[in-house]
Amino acid sequence: MRKTTSTNTINKEQLEANCGIAYTNSILSGRWKLSILAFLLDEKKLRYSELRNRLTGVSERMLIAKLKELQADDLINRISHPEVPPRVEYELSKKGKSLESILIQMAKWGTKNAT
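Residues numbered from 1 in each chain as written. Predicted model: local features only at pLDDT ≥ 70, side-chain atom pairs only at ≥ 80, totals over all residues. Heavy atoms only, no water.

## Quick look at the overall build of the chain
When its secondary structure is counted, the chain shows seven helices and three strands. The secondary structure elements of the chain, listed N-terminal to C-terminal, are α-α-α-β-α-α-β-β-α-α. Projecting the C-alpha coordinates of the chain onto the three principal axes gives extents of approximately 50 × 40 × 30 Å. Classification of the 115 residues of the chain by burial places 28% in the buried group. Across the chain, every contact between residues at least 6 apart in sequence was considered, and the portion connecting residues at least 24 apart equals 43%. Accessible surface computed for the chain: about 8300 Å², of which carbon and sulfur atoms make up 53%. Across the chain, the centroid of the 20 positively charged side chains sits 4 Å from that of the 13 negatively charged ones. (Helix = DSSP H or I, 4+ residues; strand = E, 2+ residues; numbered from the N terminus. Buried < 20%, exposed > 50% of the residue type's maximum accessible area, 1.4 Å probe, protein only. Contact = heavy atoms within 4.5 Å. Areas by Shrake-Rupley, 256 points an atom, 1.4 Å probe, with all protein chains shown as cover. Lys, Arg positive; Asp, Glu negative; His and termini not counted. Charge placed at Lys NZ, Arg CZ, Asp CG, Glu CD.)

Below you can see the structure in the form of C-alpha cells.
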C-alpha cells in the first residue's frame, strides 16, 4: 500500500481524474476482474462457488479481494440471502452493466487478434 501523500499516489490520482482511459484501466486492471465481469455479463447472477469454479486457478483469497474491489468500485452488487447455510450471489450493478459494449468489443478484439 502506498502512502496517500507520495508523489506516485498523487500522480496516479491526477492522471485518473484527467484521463478516461487511465481511470478505466485502474478500475478493470488485474488478472481476474475482467473475467468476473464477463461471467456476470453472460450469466446475470452467480453464486460465489460458481464464480470460483469458473475461474480456474484463482485462490479464494484473490477472488474475495477482487470481488470486494469490484463492489467498492460499484461495478457489482453482492446479494446476501439470510439462510443456513449462507448464500451469496453477485450481479452486475447499473454501472457494471454500462460496460457491456466495451466488454463485448474487447472479447471480439481478443478473439480476432489472439495467435
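## Comments concerning the nonpolar core
The biggest cluster of nonpolar side chains holds 22 residues, and the ones touching the most others in it are I36, L37, L67, I76 and Y90. For this core, the secondary structure elements donating two or more residues are α2 (20–28), α3 (33–43), α4 (48–54), α5 (60–72) and β3 (87–92). With sequence-adjacent residues up to four places away left out, L67 is seen in contact with I36, Y48, L51, I76 and Y90. (Core = buried A, V, L, I, M, F, W, Y, C linked by side-chain atoms within 4.5 Å.)

## Topic: the environment of M62
Tracing the chain through its elements places M62 in helix α5. Take M62: its relative accessible area is 34%, and that puts it in the partly exposed class. On a C-alpha basis, the gap between M62 and S6 in space is 26 Å, while along the polypeptide they are 56 residues apart.

## Quick look at the pairing of β3
Pairing geometry for strand β1 (residues 45–47) and β3, over three bridges, is antiparallel. Note that in β3 the partner of R47 across the bridge is E89. Two elements, strand β2 (residues 76–81) and β3, share six bridges in a ladder whose sense is antiparallel. Paired with N77 across the bridge in β3 is E91. In this antiparallel pair of consecutive strands, β2 and β3, the connection spans five residues. (Pairing = 2+ DSSP bridges.)

## A look at the packing of α3 against α5
Where α3 meets α5, the closest approach of the two axes is 10 Å, and the angle between their N-to-C directions is 70°. For the element pair α3 / α5, the angle class is roughly perpendicular. Every residue of α5 that contacts α3 at K33, I36 and L37 is listed here: L63, K66, L67, E69 and L70. The class makeup of the residues in the contact of α3 with α5 is five nonpolar, no polar and three charged. (Axes fitted to C-alpha atoms, helices over the stretch in contact; angles between N-to-C directions. Parallel < 35°, antiparallel > 145°, perpendicular 65-115°, else oblique. Nonpolar A, V, L, I, M, F, W, Y, C, P; charged D, E, K, R; others polar.)

## Re the side chain of S93
Inspection of the secondary structure assignment puts S93 in the loop between β3 and α6 (94–97). There is a polar contact of 2.5 Å between the side chain of S93 and the backbone oxygen of D74. Contact partners of S93, with chain neighbours within four places excluded, come to D74, L75, I76 and N77. (Polar contact = N/O pair within 3.5 Å; in protein donor to acceptor, adjacent residues only side chain to side chain.)

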